[in-house]
Amino acid sequence: AALREWLPLAERGDASAQLYIGFMYDEGRGVTQNDAEALKWYQKAAEQGIPLAQNLLANMYRRGTSVKRDDAKAVQWYSKAAEQGDAWSQFSLGRMYEQGRGVKKNFKTAVKWYRQAAEKGLPLAQNMLANLYRRGKGVRRNDKEALKWYRKAATQCEGLPGGIEVVSCFRR
């Protein structure tokens, strides 16, 4: 029923409808799960500048879901969404720079993107930023700054690796 309502809108170019149909196929909600269809609809919404669609499309390229794995394309789409302030894309872009996937490894740029996502309250980004401060990668080593970010992450999510890091790294 939902597909019948959303499909005509999506076919006429409604980006929100395209994103929603992408979700439906991605998750198999009301339709048979189909990665190729999800990719198609995410692509359409992403091309219209929808940050969430850009992030989801980037994830598909990064994982090679229904498309040839392409880290450079993943970085391209994460960048578009990150520039619009999407915290998950900022985090993912930080990971790509930290790991050198689709881009030249660059810890300073990883710090930039982790910090933007961390300041938006994303615990995983706070944890990764803390790790870089603790290791002195892309920033001057600073245990006090690392502890600050580990604590922010740990207070938001019990069981987050950052909580473990606080105990194991600063108990000494």
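In this report, we go over the structure that sits alongside the text. In this text the structure is predicted, and so the values were computed from the model without any measurement.

1. Quick notes on the nonpolar core
And then number 1: Membership of the largest hydrophobic core comes to 47 residues, with the highest contact counts inside it found for Tyr42, Leu57, Phe91, Leu93, Tyr114 and Leu129.
And then number 2: Contributing elements (two or more residues each) for this core: α2 (15-27), α3 (35-47), α4 (51-63), α5 (71-83), α6 (87-99), α7 (107-119), α8 (123-135) and α9 (143-156).
And then number 3: What tyrosine 42 contacts, discounting residues up to four positions off in sequence, is Leu19, Gly22, Phe23, Asp26, Ala53, Leu56, Leu57 and Met60.

2. A short note on the pattern of salt bridges
And then number 1: Counted under the stated rule, the structure contains seven salt bridges.
And then number 2: Close ionic contact of glutamate 37 with lysine 40 constitutes a salt bridge, the shortest N to O distance being 3.5 Å. Here lysine 40 and glutamate 37 lie together in helix α3, a separation of three residues that amounts to about one turn.
And then number 3: Owing to a relative accessible area of 37%, lysine 40 belongs among the partly exposed residues under this scheme.
And then number 4: Between aspartate 71 and arginine 69 there is a salt bridge, with the nearest N and O atoms lying 3.5 Å from each other.
And then number 5: Residues participating in the shared-partner salt-bridge network are Arg69, Asp71 and Arg101.

3. Section: the packing of aromatic side chains
And then number 1: Counted under the stated rule, the structure contains four aromatic pairs.
And then number 2: An angle of 80° between the planes, with centres 6.1 Å apart, marks the rings of phenylalanine 23 and tyrosine 42 as edge-to-face. Here tyrosine 42 lies in helix α3 and phenylalanine 23 lies in helix α2, a separation of 19 residues in the sequence.
And then number 3: By relative accessible area, which is 30% here, phenylalanine 23 ends up partly exposed.
And then number 4: Clustering of aromatic rings is evident, with ring pairs tying together Trp88, Phe91 and Tyr114.
And then number 5: We note lysine 44 situated over the ring of tryptophan 41; from NZ or CZ to the ring centre the distance is 5.7 Å.

4. Remarks on the environment of threonine 65
And then number 1: Turning to its location among the elements, threonine 65 is positioned in the loop between α4 and α5.
And then number 2: A C-alpha to C-alpha distance of 8.1 Å links threonine 65 and alanine 36, two positions 29 residues apart in sequence.
And then number 3: Those residues in contact with threonine 65 that lie beyond four places of it in its chain are Asp35 and Met60.

5. Some thoughts on the environment of serine 16
And then number 1: With respect to the helices and strands, the residue serine 16 is situated in helix α2.
And then number 2: The exposure class of serine 16 is partly exposed, given its relative accessible area of 49%.
And then number 3: Along the backbone, serine 16 and valine 139 are 123 residues apart, and their C-alpha atoms lie at a distance of 39 Å.

Analysis parameters
Residues numbered from 1 in each chain as written. Predicted model: local features only at pLDDT ≥ 70, side-chain atom pairs only at ≥ 80, totals over all residues. Heavy atoms only, no water. Core = buried A, V, L, I, M, F, W, Y, C linked by side-chain atoms within 4.5 Å. Buried < 20%, exposed > 50% of the residue type's maximum accessible area, 1.4 Å probe, protein only. Helix = DSSP H or I, 4+ residues; strand = E, 2+ residues; numbered from the N terminus. Contact = heavy atoms within 4.5 Å. Salt bridge = Lys/Arg side-chain N within 4 Å of Asp/Glu carboxyl O. Phe/Tyr/Trp six-rings, centres within 6.5 Å; stacked < 30°, edge-to-face > 60°. Lys NZ or Arg CZ within 6 Å of the ring centre and 35° of its normal.

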